[in-house]
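Each chain, letter by letter, is given below.
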Amino acid sequence: MKFSRPKKALLLVVLTIIALLLCGLYLTYNTYGNFQFAWMLRGKKVAAFLLVALATGMATISFQTLTQNQFLTPNILGLDSLYVLIQTLLFFIVGGVNMLSQEQTSTFLISILLMALLSLLLAKVLLKRQQNDLFILLMLGMILGTLFSSTSNFLQVMMDPNEYDLLQGRLFASFGNINTTHLGLAAVIILLGSFSLFAANHYLDVLHLGSDQATNLGISLNRFQIMVLFLVSLLTGTATALVGPITFLGFIVANISYQLMPTYRHSYLFLTAVLLGIIFLVGSQFLVEQVFHLKTTVSVVTQFVGGLYFIWKIIYERRQQR
């Protein structure tokens, strides 16, 4: 089904209104007259929601276009385990007390840099494999993720129990204790990276046709892939370093975007994915705080919903192929 431009614009307006209403509800619900205090506390979380949704939506759509597969996301390819390994190494070398007491910007930047460089190398290796073979790609990602996870577990066993307990707070997505300095730095990185990807949306539209067609139409494929992969890795690493790993978020928002916005134009897909990410994150946090009374976390909600959606997607695709 093809959407006309007015229908696409209408859908984006509807999603924007829903996202704004949810943000307004989250900022004002149950403030008990302390709106200014609630605004300061919750406003920082909303800013983090916006940044994570922007980074995740842009990175996932771009990565799936490069791999020509809607099942693959940077997180599914083992980047969560890579983040755990980086944090474990930093806690093991620097020490948990020093890591939490100093909260230096240099440590935050090192985490992002390592995530970007290592994930770029990982993605380049995977892209050299058979791009149309989902089984091989997923198996390689799972194997590398298992390697990172096993190394992390080995180091964690050797850590002091008190430092291990402090480390656990870094290994789950959290919007509660976000460093304001890190938030500002992450905003600069994510905005620049997202702007660069959005500026290349026409090239991604061409790449959507396939690698051979993109080369025939004049795109320097290798150079363009390296650029996009670095930006994807940078966005993913920054979002993960800011709040922790959020499994399946990119997969959910990207695939729902393809269903709501059946078009090859990445300008529309980017905006749809970002708005859906905001709706999902703010809605999940609202449920966690106001309904479940902080007895669960956003990452748990995302993993549960994303896991169910991933299973349904696999079953649906197999039925479509029959």
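Residues numbered from 1 in each chain as written. Predicted model: local features only at pLDDT ≥ 70, side-chain atom pairs only at ≥ 80, totals over all residues. Heavy atoms only, no water.

**Some thoughts on the confidence of the model for the protein**
And then number 1: When pLDDT is averaged across the protein, the result is 80; 87% of the residues are at 70 or more.
And then number 2: Throughout residues 130-134 the model reports pLDDT below 50, and contacts reaching past four residues in sequence, or to other chains, amount to ten contacts. (pLDDT = per-residue confidence, 0-100. Contact = heavy atoms within 4.5 Å.)

**Looking at the nonpolar core**
And then number 1: Membership of the largest hydrophobic core comes to 77 residues, with the highest contact counts inside it found for Phe175, Val243 and Leu281.
And then number 2: When residues no more than four places from it in sequence are discounted, the contact partners of Phe175 are Lys45, Ala48, Phe49, Val52, Val243, Ile246, Leu281, Gln285 and Val298.
And then number 3: Ranked by size, the runner-up nonpolar core spans nine residues in total, among them Leu79, Leu82, Phe148 and Leu155. (Core = buried A, V, L, I, M, F, W, Y, C linked by side-chain atoms within 4.5 Å. Buried < 20%, exposed > 50% of the residue type's maximum accessible area, 1.4 Å probe, protein only.)

**Focus: the packing of helix α2 (residues 35-67) against helix α11 (residues 221-243)**
Relative placement of two packed helices is described by the angle separating their axes and the distance separating the axes.
And then number 1: Across the interface, α2 lies against α11 with an axial gap of 9 Å and an inter-helix angle of 150 degrees. With respect to each other, α2 and α11 are oriented roughly antiparallel. The element α2 and its partner α11 pack so that their crossing is left-handed. Of the residues in α11, those in contact with Ala48, Leu51, Val52, Ala55, Met58, Ala59, Ser62, Phe63 and Leu66 of α2 are Gln225, Val228, Leu229, Val232, Leu235, Thr236, Ala239, Leu242 and Val243.
And then number 2: Split by residue class, the contact of α2 with α11 holds 15 nonpolar, three polar and no charged. (Axes fitted to C-alpha atoms, helices over the stretch in contact; angles between N-to-C directions. Helix = DSSP H or I, 4+ residues; strand = E, 2+ residues; numbered from the N terminus. Parallel < 35°, antiparallel > 145°, perpendicular 65-115°, else oblique. Left-handed = near helix turned anticlockwise from the far one by under 90°. Nonpolar A, V, L, I, M, F, W, Y, C, P; charged D, E, K, R; others polar.)

**Some points on the packing of aromatic side chains**
And then number 1: Evaluated as defined, the whole model comprises nine aromatic pairs.
And then number 2: Ring geometry for Phe251 versus Phe310: centroids 5.2 Å apart, planes at 65 degrees, classification edge-to-face. Taken as a pair, Phe251 in helix α12 (residues 249-260) and Phe310 in helix α14 (residues 298-321) lie far apart in primary sequence, 59 residues in all.
And then number 3: Through a chain of ring-to-ring contacts, the aromatic side chains of Phe248, Phe251, Tyr309, Phe310 and Trp312 assemble into a single cluster. (Phe/Tyr/Trp six-rings, centres within 6.5 Å; stacked < 30°, edge-to-face > 60°.)

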